[in-house]
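Chains, contacts and geometry: an overview
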Amino acid sequence: MNGGGAGPGGQRDQLLDHDDLLTCADAPDLGGRRPDAIIVPSARPASSLLHAAGLAEELNTPLLVLASRQARAAEIVREIEDHGIVADVVAIDVTGAPRLMPGLETAGLFTRGPFGRTTDVSMKRNLALLLSRAAGWDQVMFLDDDIRVPDAADLRRAAALLPTHAAVGLHIDGMPDNSVVCHARRELGDRQGTFVGGGALLVPVDRSDGAFFPHIYNEDWFFLLDEGGIRPVARTGRAVQQWYDPFVDPDRARGEELGDTLAEGVFAALSHGKLEDALKPDYWVSFLEVRRRLITRLLQRAAGRESMVTALKAARGRSYLIEPHLCARFLKAWERDQNVWRRAVEALSTGRGIAGAISHFGLRQSATVRLNRTGPAPREPRLRQHRKHLDALDEARARELVVTGR
């Protein structure tokens, strides 16, 4: 690895990957294993949910959609029914944190100023965890609305691994699951790995170990951590993320920089020492030097690639607003929030069913529920043919977006 002077633990550059923190495992006998639900925190139009609905049909498992922005619960259910998909669908319009959600310190740290975040994906994932526990589900599959799973059996394979792991993620193919800075690193010829993420992640619901999604970019990485380091996490199967241009909007790079710095810094601490090192501002003095040196070097190599240069300048500018004490403050708040979340989970009664869970959290008026499954799951060959048709439509839409630049 190239770069300037040594940073944390003698580190000269941001790590190329974090594969040493993962277990790559082949699933045991699948048996009848499957997720108790597929959960999509959606912000895209209703057509983006057709693939997840097809998976839910094939696995004979419910689909829970937490909808905001361009996503509308009633439209999602109608679109799924119009395409002849037979699945139990629960779609909920989420306009803000509902009552009974625990108050988290990390949620209030970055609501204003240069690090303010308007995305609601962390809140929707946390709400999904609470709804799932209240409903009585044991394990759920988080799936983003721009990700496809070509083989539904991969969700069964993930479920087979879950009893011995705190989470199981799928390999993300297609568009690599990286930040803007890491995308630039790859496109400029460096080796750049990917990690598991919330876009295709199976998690147990009955955990009371304080795992939650903080309100920050790379929230899924923090979900996999506790005070001692990373929980046992496996990776298996395959998912495909739709293509997008990571450099088209420099605000994307600005919005990612704090969370990417924190997550990469914490994972570097785990690789070179221990997590408690990252609770000290002095650690972040060194790591911020590592991070800024990386971005500056990428900028020098990106000469002539206008959109990449603009995005990297945006990331570097935001980086210089990050103070070491802010990083340490976030991590200390995250540790306290784990205790808050743990108490909230332990106090939540279970076995209500999804309708009872919706009512408990005051979401009844914004929920659209269609229980369409009246018998056994349809035969898999027909379902796979149906999903191939839906995936072909997705590919056609993706090509159209590339051609039109939208």
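Located above this text is the structure these notes cover.
The structure reproduced in this document is the subject of the present report. No experiment lies behind these values; they were computed from the predicted model shown.

**A closer look at unusual backbone geometry**
Residue Leu100 is not a glycine yet carries a positive backbone phi of 75 degrees. Look at Asn218: it is not a glycine, yet its phi comes out positive at around 70 degrees. Of note, Asn218 is situated in the loop between strand S8 (200–204) and helix H6 (219–223).

**With respect to the packing of aromatic side chains**
Summed over the entire model, instances satisfying the criterion amount to 13 aromatic pairs. With 5.4 Å between their ring centres and 65 degrees between their planes, Phe195 and Trp221 make a pair best called edge-to-face. Of this pair, Phe195 sits in the loop between helix H5 (180–187) and S8 while Trp221 is found in helix H6, placing the two residues 26 residues apart along the sequence. Side by side, Phe195 and Trp221 carry an identical accessibility label, which is buried. Relative to Trp334, the ring of Phe222 has its centre 5.6 Å away and its plane inclined at 70 degrees; by these criteria the two rings are edge-to-face. You can see Phe222 sitting in helix H6 and its partner Trp334 sitting in helix H10 (residues 324–347), a full 112 residues away along the chain. Among the aromatic residues, those joined into a cluster by ring pairs are Phe110, Phe115, Phe222, Phe330 and Trp334. The side chain of Arg125 reaches across the aromatic face of Phe213, ending 5.6 Å from its centre.

**Considering the nonpolar core**
It is characteristic of soluble globular proteins that their nonpolar side chains tend to be buried jointly. In this structure, Ile92, Leu131, Phe222, Val266, Trp284, Phe330 and Leu331 are the most contacted members of the largest nonpolar core, which totals 69 residues. With near-sequence residues (within four places) excluded, Phe330 lies in contact with Thr106, Leu109, Phe110, Pro214, Ile216, Phe222 and Leu262. Of all hydrophobic cores here, the second largest spans 39 residues; its members include Ala56, Ala73, Ile76 and Leu202.

**Focus on the side chain of Ser122**
Tracing the backbone shows Ser122 in helix H3 (residues 121–135). The exposure class assigned to Ser122 is buried, which follows from its relative accessible area of 5%. The residues contacting Ser122, other than those within four sequence positions of it, are Phe213, Pro214, His215, Ile216 and Glu219.

So, how was this worked out
Residues numbered from 1 in each chain as written. Predicted model: local features only at pLDDT ≥ 70, side-chain atom pairs only at ≥ 80, totals over all residues. Heavy atoms only, no water. Helix = DSSP H or I, 4+ residues; strand = E, 2+ residues; numbered from the N terminus. Phe/Tyr/Trp six-rings, centres within 6.5 Å; stacked < 30°, edge-to-face > 60°. Buried < 20%, exposed > 50% of the residue type's maximum accessible area, 1.4 Å probe, protein only. Lys NZ or Arg CZ within 6 Å of the ring centre and 35° of its normal. Core = buried A, V, L, I, M, F, W, Y, C linked by side-chain atoms within 4.5 Å. Contact = heavy atoms within 4.5 Å.

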